[in-house]
Amino acid sequence: MSKKKLKSLKKPLLNVIYPCIAVALMLAIWAIFAAVKNKPFLYPSPAETLKIFFSLGAEDGFFKAVFSSIGRSLLSFLISFICAFTLAVVNSLFEPLHKIFTPVVSVLRSAPTMAVILLCMLWLDYSSAPVLIGFLVAFPIMYQSFYTAITGVDKGLTEMAEIYKIPVYRRITGIYIPCIAGAVFDVSQSTVSLTFKVVIAAEVLCYTKNSVGFNMIKANLGAEIALLAAWTIVAVIISFIAELFVILLKKAWEAAR
Amino acid sequence: MNDIVIDNFTFGYPDKPLFKNFSFDVKAGKINVILGASGVGKTTLLNAITGLINYKGKISGVPDKISYIFQNDRLIDAVSVYKNLDLVLKNDYKDKKTRRKLIDETLETLEISDVGKRLPTEISGGQAQRVQIARAFLYSSDLMIIDEPFKGLDVALKTRLINKFLDLWKIDGRTIIMVTHDVYEALLMGDYVSIISGNPVECVYKTEIAQDKSSRRLTDPYLTKFRDEIIEKII
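Remember, it's a predicted structure, so these values are computed and weren't measured experimentally.

Some points on the overall build of chain A
Stage number 1. Along chain A, the regular secondary structure elements total 10 helices and zero strands.
Stage number 2. Listed N to C, the secondary structure of chain A is α-α-α-α-α-α-α-α-α-α in terms of helices and strands.
Stage number 3. Taken against the 2.2 N^0.38 rule, which gives 18 Å for 257 residues, the C-alpha radius of gyration of chain A at 23 Å runs more than 25% over that of a compact globule.
Stage number 4. Evaluated residue by residue, chain A yields a buried proportion of 36% over its 257 residues.
Stage number 5. Within chain A, contacts between residues separated by at least 24 positions form 73% of all contacts whose residues are at least 6 apart in sequence.
Stage number 6. Accessible area for chain A stands at about 14,700 Å²; split by element, carbon and sulfur atoms hold 72% of it.

Some points on the overall build of chain B
Stage number 1. Within chain B, the secondary structure is distributed over seven helices and nine strands.
Stage number 2. A globule of 235 residues ought to have a C-alpha radius of gyration of about 18 Å, and chain B, at 18 Å, matches this closely.
Stage number 3. When burial is assessed residue by residue, chain B has 52% of its 235 residues classed as buried.
Stage number 4. The contacts in chain B between residues at least 6 apart in sequence include a share of 69% that link residues at least 24 apart.
Stage number 5. Accessible area for chain B stands at about 10,900 Å²; split by element, carbon and sulfur atoms hold 48% of it.
Stage number 6. Of the side-chain charges in chain B, 34 are positive and 32 negative, and the distance between the mean point of each set is 3 Å.

Some thoughts on the side chain of H98 of chain A
Stage number 1. Counting through the fold element by element, H98 of chain A comes out in helix α4 (residues 95-110).
Stage number 2. Setting aside chain neighbours within four positions, we find H98 of chain A in contact with N91, Y143 and Y147 of chain A.

A word on the domain arrangement of chain B
All names here are of chain B.
Stage number 1. Split by domain assignment, chain B resolves into domain 1 (1-65 + 144-149 + 174-235) and domain 2 (68-140).
Stage number 2. Taken together, the contact pairs 12 residues of domain 1 with 10 residues of domain 2.
Stage number 3. Of the roughly 1,100 Å² buried at the junction of domain 1 and domain 2 (both faces included), carbon and sulfur atoms supply 51%.
Stage number 4. It is K65, M144 and R174 that lose the most area in domain 1 upon contact with domain 2, and together they represent 47% of the buried surface on that side.
Stage number 5. Taken together, the connections running from domain 1 to domain 2 amount to one salt bridge.
Stage number 6. Residue D92 pairs with K65 through a salt bridge whose shortest N-O separation is 2.8 Å.

What to know about the state of the cysteines
All names here are of chain A.
Stage number 1. What the rule picks out here adds up to zero disulfides over all chains.
Stage number 2. As a non-bridged cysteine, C206 has C120 as the owner of its nearest cysteine sulfur, 7.8 Å distant.
Stage number 3. A residue is classified by how much of its surface remains accessible, and C206, at 10% relative accessible area, is buried.

A closer look at the nonpolar core
The tendency in soluble globular proteins is for nonpolar side chains to be buried as a group.
Stage number 1. Membership of the largest hydrophobic core comes to 135 residues, with the highest contact counts inside it found for V212 and W231 of chain A together with F22, I133, F165 and I177 of chain B.
Stage number 2. Both domains that meet at this core, namely domain 1 (1-65 + 144-149 + 174-235) and domain 2 (68-140) of chain B, each give it at least three residues.
Stage number 3. Non-local contacts of I133 of chain B, meaning those with residues more than four positions away in its chain, are made with I69, L110, F150, L161, F165 and L168 of chain B.

Looking at the pattern of salt bridges
Residue and element names in this part refer to chain B.
Stage number 1. By the definition in use, this model includes 20 salt bridges over all chains.
Stage number 2. Linking R227 and D228 is a salt bridge whose minimum nitrogen-to-oxygen distance equals 3.0 Å.
Stage number 3. Among the charged side chains, a salt-bridge network with shared partners connects K42, E148 and K151.

With respect to the packing of helix α3 (residues 62-93) of chain A against helix α6 (residues 129-151) of chain A
Stage number 1. Two numbers describe how α3 of chain A lies on α6 of chain A: the axes approach to 7 Å, and their chain directions differ by 35 degrees. The interaxial crossing formed by α3 of chain A with α6 of chain A has right-handed handedness.

Regarding the interface of chain B and chain A
Stage number 1. The interface is formed by 22 residues belonging to chain B together with 17 residues belonging to chain A.
Stage number 2. Carbon and sulfur atoms make up 63% of the area that chain B and chain A hide from each other, which totals about 1,900 Å².
Stage number 3. Joining chain B to chain A, the criterion identifies one salt bridge.
Stage number 4. The shortest N-O distance in the salt bridge between E159 of chain A and R74 of chain B comes to 2.8 Å.
Stage number 5. There are eight residue pairs in polar contact (both at pLDDT 80 or more) connecting chain B and chain A.
Stage number 6. Secondary-structure elements contributing two or more residues to the side of chain B that touches chain A are β5 (66-69), α2 (81-89) and α4 (125-138) of chain B.
Stage number 7. Across the side of chain B that touches chain A, the residue classes tally to 13 nonpolar, four polar and five charged.

Re helix α3 (residues 96-109) of chain B
Residue and element names in this part refer to chain B.
Stage number 1. Its 14 residues give α3 an end-to-end C-alpha distance of 20 Å, which sits within 8% of 20 Å, the value for a rise of 1.5 Å per residue.
Stage number 2. When α3 is considered as a whole, its buried residues turn out to be R99, I103, T106 and L107. An end-on view of α3 places all buried positions within 100 degrees of arc, on one side of the element. Exposed side chains of α3 directed beyond 90 degrees from the buried face belong to K97, K101 and E108.
Stage number 3. Following α3 by one or two positions, E111 has its phi on the positive side, about 60 degrees.

So, the environment of I237 of chain A
Residues and elements named next belong to chain A.
Stage number 1. With respect to the helices and strands, the residue I237 is situated in helix α10 (residues 225-256).
Stage number 2. A residue is classified by how much of its surface remains accessible, and I237, at 34% relative accessible area, is partly exposed.
Stage number 3. Distance from I237 to I177, taken between C-alpha atoms, is 31 Å for residues 60 residues apart in sequence.

Some points on helix α5 (residues 113-123) of chain A
Residues and elements named next belong to chain A.
Stage number 1. Among the residues making up α5, those that are buried are V116, I117 and C120. All buried residues of α5 lie within an arc of 100 degrees about the axis, which places them on one face of the element.
Stage number 2. For α5, the elements touching its buried residues are α6 and α8 (168-206).

Some thoughts on the sheet that holds strand β9 (residues 202-208) of chain B
Strands in a sheet are paired, the pairing made by backbone hydrogen bonds, and the direction either parallel or antiparallel.
All names here are of chain B.
Stage number 1. Strand order across the open sheet formed by six strands is β5-β6-β7-β3-β8-β9, with mixed pairing between neighbours. Of all the strands in the sheet, the pair left with one neighbour each is β5 and β9. On average, each strand axis in the sheet is inclined to that of its neighbour by 15 degrees, with strand direction left out of account.
Stage number 2. In terms of strand pairing, β5 meets strand β6 (residues 143-147) through four bridges, oriented parallel. Its bridge partner being in β6, Y68 is matched across the sheet by I145.
Stage number 3. Relative to the sheet, α4 contacts β5 and β6, its axis offset from that of β5 by approximately 175 degrees.

Here is what the cut-offs are and how they apply
Residues numbered from 1 in each chain as written. Chains lettered and ligands numbered in written order. Predicted model: local features only at pLDDT ≥ 70, side-chain atom pairs only at ≥ 80, totals over all residues. Heavy atoms only, no water. Helix = DSSP H or I, 4+ residues; strand = E, 2+ residues; numbered from the N terminus. Rg over C-alpha atoms; globule rule 2.2 N^0.38 Å. Buried < 20%, exposed > 50% of the residue type's maximum accessible area, 1.4 Å probe, protein only. Contact = heavy atoms within 4.5 Å. Areas by Shrake-Rupley, 256 points an atom, 1.4 Å probe, with all protein chains shown as cover. Lys, Arg positive; Asp, Glu negative; His and termini not counted. Charge placed at Lys NZ, Arg CZ, Asp CG, Glu CD. Domains from an automatic or database assignment. Buried area = accessible area lost by both parts, 1.4 Å probe. Salt bridge = Lys/Arg side-chain N within 4 Å of Asp/Glu carboxyl O. Disulfide = S-S within 2.5 Å. Core = buried A, V, L, I, M, F, W, Y, C linked by side-chain atoms within 4.5 Å. Axes fitted to C-alpha atoms, helices over the stretch in contact; angles between N-to-C directions. Left-handed = near helix turned anticlockwise from the far one by under 90°. Polar contact = N/O pair within 3.5 Å; in protein donor to acceptor, adjacent residues only side chain to side chain. Nonpolar A, V, L, I, M, F, W, Y, C, P; charged D, E, K, R; others polar. Expected span 1.5 Å × (residues − 1). Arc of directions from axis to C-beta. Pairing = 2+ DSSP bridges.

Printed below as a string of structure tokens:
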């Protein structure tokens, strides 16, 4: 293999090697900790946990639970995204609306997540509550970021568009959307995994049937710590995949511009 | 193309107007240079001509389509240079291949044919200014306004850009209003050179430089005469 080809492969290879090293390190630390504690009931080893993890797929109801949780999380995220984006656009055009809305957003951001979860459990059924909870956590973060991105578009560009008589719809597609896209992708990447975590946490507290959260609380109540850890890995993986999807969308957009 | 006539232009605070009954002519098909110190109101005058600000008075003869080369590049950082230029062409040319051809030809004339796919953040200040020049010439306007476009560039690059600009201008001969505080740019490029100063602003000097631009040299006695007059007026 030529030197040039080796050099071009170096970066992609490192992008795989570094995360593998990180995972290996985490597993090693976990294994050492479990060995030192020597209480497999409370501190299961990575080997035991992974054995259970790989057998989960064969369990009844596994895929139903996983896809239900993914569905609830995605629904929560999408509702948050659409509402946040729409309101950010509207409020950027009408400053008084933003001023009225700002305290509402501040309250939502500041409210303790647990309090939000407990209130939603009283108001809604076990299946819908996690969706609302995810929305109440994700929406204020996304709204603030979208609003800042939209109002942060350089006024000089709107003047340029005015002078060059660029029609409104082309200003939106040619100037505004490209200018805010970066911020939209960045906040979506961080918020999507947060939404997944919050929805699953809400499923635990709401005892949402056929969900990742419900399986976690079942394992916990049955003192099956290795099983609980295995379901935690499931939650981490689906959250990671959601984040990866947003990253890939961003890369596709960057390649197209 | 008609001359642009500014008549009794008034703008500013009621008790302290920046412009009060200011009158000025811009000759059609010529490069009209307006010199003035920083902060005198040159950009305000340009904003009035382009309709970006409300004012009292009358400005007639302004064509419908205007190109503008700004002091700072005002390029869309999030999209490629090519897409920045394509955006202003879409009204006039529906065919993508035609637009592509025009953009490629103009970038080649300005010696920046390799920047088309890059983002504005990935090119130098001099290249960004050339992209602005490309955008201004690609847009089929009858009036071009340029606001200190060569500010901050080194002498060698500035000279090359001025030459490239004049090459492009010769092709369609549109009316140009150029604002600068650089006397040498004014002498090399202007058909008409004016100086505005004072508060409220007045036109304190106006002259025609009839010499062909391609033969102008700063050391030429014909130009040094104007240089001395201008410097005397500015001081």
